[in-house]
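# Fold and contact review
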Amino acid sequence: RIARLDAVVEKRSFDLMPILEGVYDIGNVLAVCRSTEALGIGSLGVISDAGLAFKQSGRTSGGAVKWTNLEQWRSTADAVADAKARGYRVLTT
C-alpha cells in the first residue's frame, strides 16, 4: 500500500499552479486544494496581504493540505513576478 501511495505522489504535476486571490474563507481554499489534489496538481498559491489568516470554517476537512505544496504571497505583483521567474505563464480569469 505504501508503494502505491509513493507512486501516486511521484506522478503529481508541478507544471500548473492555481493561485487564489482575495479569499477570506479557509473553506474556499480547502475546496480548491481538494480539487488540485484530485487532478494531480502538486501546488496551490494564495495571495493574502494578511498571510494565511482566514475566517475559520468548521464545515470542511483540511486533509488535502497535507499533500499539497502551499505557496503564499502578500501581493499580486509578488505572486506574478515569482511565478514568471519560475517559468510559469500567468493566465487570469
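Treat the numbers as computed from the prediction; the structure is a model and nothing was measured. (Residues numbered from 1 in each chain as written. Predicted model: local features only at pLDDT ≥ 70, side-chain atom pairs only at ≥ 80, totals over all residues. Heavy atoms only, no water.)

A separate point is the environment of Thr68. Here Thr68 shows up in the loop between β2 (43–47) and β3 (69–73). When its relative accessible area of 9% is taken as the criterion, Thr68 is described as buried. Placed 25 residues apart in sequence, Thr68 and Ser43 show a C-alpha to C-alpha distance of 5.5 Å. (Helix = DSSP H or I, 4+ residues; strand = E, 2+ residues; numbered from the N terminus. Buried < 20%, exposed > 50% of the residue type's maximum accessible area, 1.4 Å probe, protein only.)

Mapped onto the elements, Ser43 comes out in strand β2. Counting along the chain gives 28 residues from Ser43 to Asp15, while the straight-line C-alpha distance between them is 8.9 Å. Sequence-distant contacts of Ser43, defined by excluding residues within four places in its chain, comprise Phe14, Leu16, Met17, Pro18, Thr68 and Asn69. (Contact = heavy atoms within 4.5 Å.)

Turning next to the pattern of salt bridges. Throughout the structure, instances matching the rule amount to 2 salt bridges. Across the pair Glu71 and Arg86 runs a salt bridge, and its minimum N-O distance is 3.3 Å. Here Arg86 lies in the segment after α3 (76–85) and Glu71 lies in strand β3, a separation of 15 residues in the sequence. Asp82 is the salt-bridge partner of Arg86, the closest N and O atoms lying 3.0 Å from each other. Where salt bridges share partners, they join Glu71, Asp82 and Arg86 into one cluster. (Salt bridge = Lys/Arg side-chain N within 4 Å of Asp/Glu carboxyl O.)

The next subject is the sheet that holds β3. Pairing in this open sheet of 3 strands is parallel, and the strands run β1-β2-β3 from one edge to the other. The sheet is open, and its two borders are formed by β1 (19–21) and β3, each paired with just one other strand. Taken pair by pair, the neighbouring strands of this sheet meet at an average axis angle of 20 degrees, ignoring direction. Pairing of β1 with β2, which is carried by 3 bridges, proceeds in the parallel orientation. Bridging across to β2, Glu21 finds its partner in Ile47. Against the sheet, helix α2 (residues 26–38) makes contact with β1 and β2, and its axis sits at roughly 160 degrees relative to β2, the strand it touches most. The strands touched by α3 within the sheet are β1, β2 and β3, with β3 carrying the most contacts at an inclination of about 130 degrees. (Pairing = 2+ DSSP bridges. Axes fitted to C-alpha atoms, helices over the stretch in contact; angles between N-to-C directions.)

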